[in-house]
Amino acid sequence: RSVSQSRYTNLSHTLPILASVWDRIVERVPDAELVITSGWTLWDGRSDEQRLLPYRMLFRGKSGKIDYRGAVKRKELVDVQLSSGVFANSNVYEELFCYALAEAQVAGAIPVTSTTGSLNTTCIMEGQKNSGDPWSAAWQSWFVDKVVEAMLVGDNLRDDLVAAARERFSVERIGKQWENVF
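Definitions and cut-offs
Residues numbered from 1 in each chain as written. Predicted model: local features only at pLDDT ≥ 70, side-chain atom pairs only at ≥ 80, totals over all residues. Heavy atoms only, no water. Helix = DSSP H or I, 4+ residues; strand = E, 2+ residues; numbered from the N terminus. Buried < 20%, exposed > 50% of the residue type's maximum accessible area, 1.4 Å probe, protein only. Contact = heavy atoms within 4.5 Å. Areas by Shrake-Rupley, 256 points an atom, 1.4 Å probe, with all protein chains shown as cover. Phe/Tyr/Trp six-rings, centres within 6.5 Å; stacked < 30°, edge-to-face > 60°. Pairing = 2+ DSSP bridges. Right-handed = clockwise from strand over helix to strand, strands pointing away. Arc of directions from axis to C-beta.

Requested: an account of the overall build of the protein, with residues and values cited.
The secondary structure content of the protein amounts to 8 helices and 6 strands. Its helices and strands taken in sequence order, the protein reads β-α-β-α-β-α-β-α-β-α-β-α-α-α from the N to the C terminus. A buried classification covers 47% of the 182 residues belonging to the protein. Expressed as a percentage of contacts within the protein between residues at least 6 apart in sequence, the contacts between residues at least 24 apart total 69%. In the form shown here, the protein has an accessible surface area of approximately 9400 Å², with 53% of it arising from carbon and sulfur atoms.

The structure is reproduced here in structure tokens:
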């Protein structure tokens, strides 16, 4: 059972909370696997390993299998998304649009997220998002419960999610909306 974080998500906006609750998830789903990818390729000359070391340190000593891949090519990202059962996005940053969340849903990864910024409209599954404060104990308990639930029974939701996400984020639908704007 795989949980993912994605390439287009700034890891500093999502990983601290996920790291703080990861052991609670593994306690309930011992074979849980976390796959972390990132698309950050800065111009500072540091290697991927050097840039991402602080985020790796968040999970030092944590239970379960943690596969920290860093910056990956598009094909590998798609493979991760298609094999992930859950997209755990404990984001606290107000983004205008979460491309990673849209892609994850199209790939069939059940989202578990906050409603911060655009996440409220990008997450198409009403029961999988919470408007509370992601730093609060109550929100984090909800997050753990929802990630575990999605890992254990998510297959029942996946087909409907993929169909709805493909419709919601289709090029045709988005193109028509842009045509109406201009």
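Tell me about the packing of aromatic side chains, residues and numbers included.
Per the stated rule, a full pass over the model turns up 3 aromatic pairs. A ring pair is formed by Phe97 and Phe169, whose centres lie 6.3 Å apart and whose planes are at 70 degrees; its orientation type is edge-to-face. In this pair, Phe97 is assigned in the loop between strand S4 (86–89) and helix H4 (99–107) and Phe169 in the loop between helix H7 (155–168) and helix H8 (171–181), connecting sequence segments 72 residues apart. When its relative accessible area of 14% is taken as the criterion, Phe169 is described as buried. Plain terms: the ring middles of Trp139 and Phe143 are 5.1 Å apart, the flat faces sit at 20 degrees to each other, and that makes the pair stacked. Within this pair, Trp139 and its partner Phe143 are both found in helix H6 (residues 137–153), separated by 4 residues, close to a single helical turn. Here the two residues Trp139 and Phe143 agree in accessibility, since each one is buried.

Pulling in residues and values, what's your account of the pairing of strand S5 (residues 110–114)?
Sheet faces and side chains relate simply in a regular strand, where the side chains alternate between the two faces. Counting buried residues in S5 gives 5 out of 5 residues, a clear majority hidden from the surface. In this sheet, S5 lies alongside S4 in parallel orientation, the contact comprising 4 bridges. Bridging from a neighbouring strand, Asn89 pairs with Thr113 of S5. Traced from S4 through H4 to S5, the parallel crossover comes out right-handed.

Please give an account of the environment of Glu149 that cites residues and values.
Inspection of the secondary structure puts Glu149 in helix H6. On the accessibility criterion, Glu149 (38% relative accessible area) is partly exposed. As a C-alpha pair, Glu149 and Val29 span 120 residues in sequence and 9.7 Å in three-dimensional space.

Which residues make up helix H3 (residues 74–83), and what values do they have?
Of the positions making up H3, those classed as buried are Leu77, Val80 and Gln81. Projected down its long axis, H3 carries its buried residues within an arc of 95 degrees, all on one side. Facing away from the buried surface of H3 by more than 90 degrees, the exposed residues are Lys75, Leu82 and Ser83.

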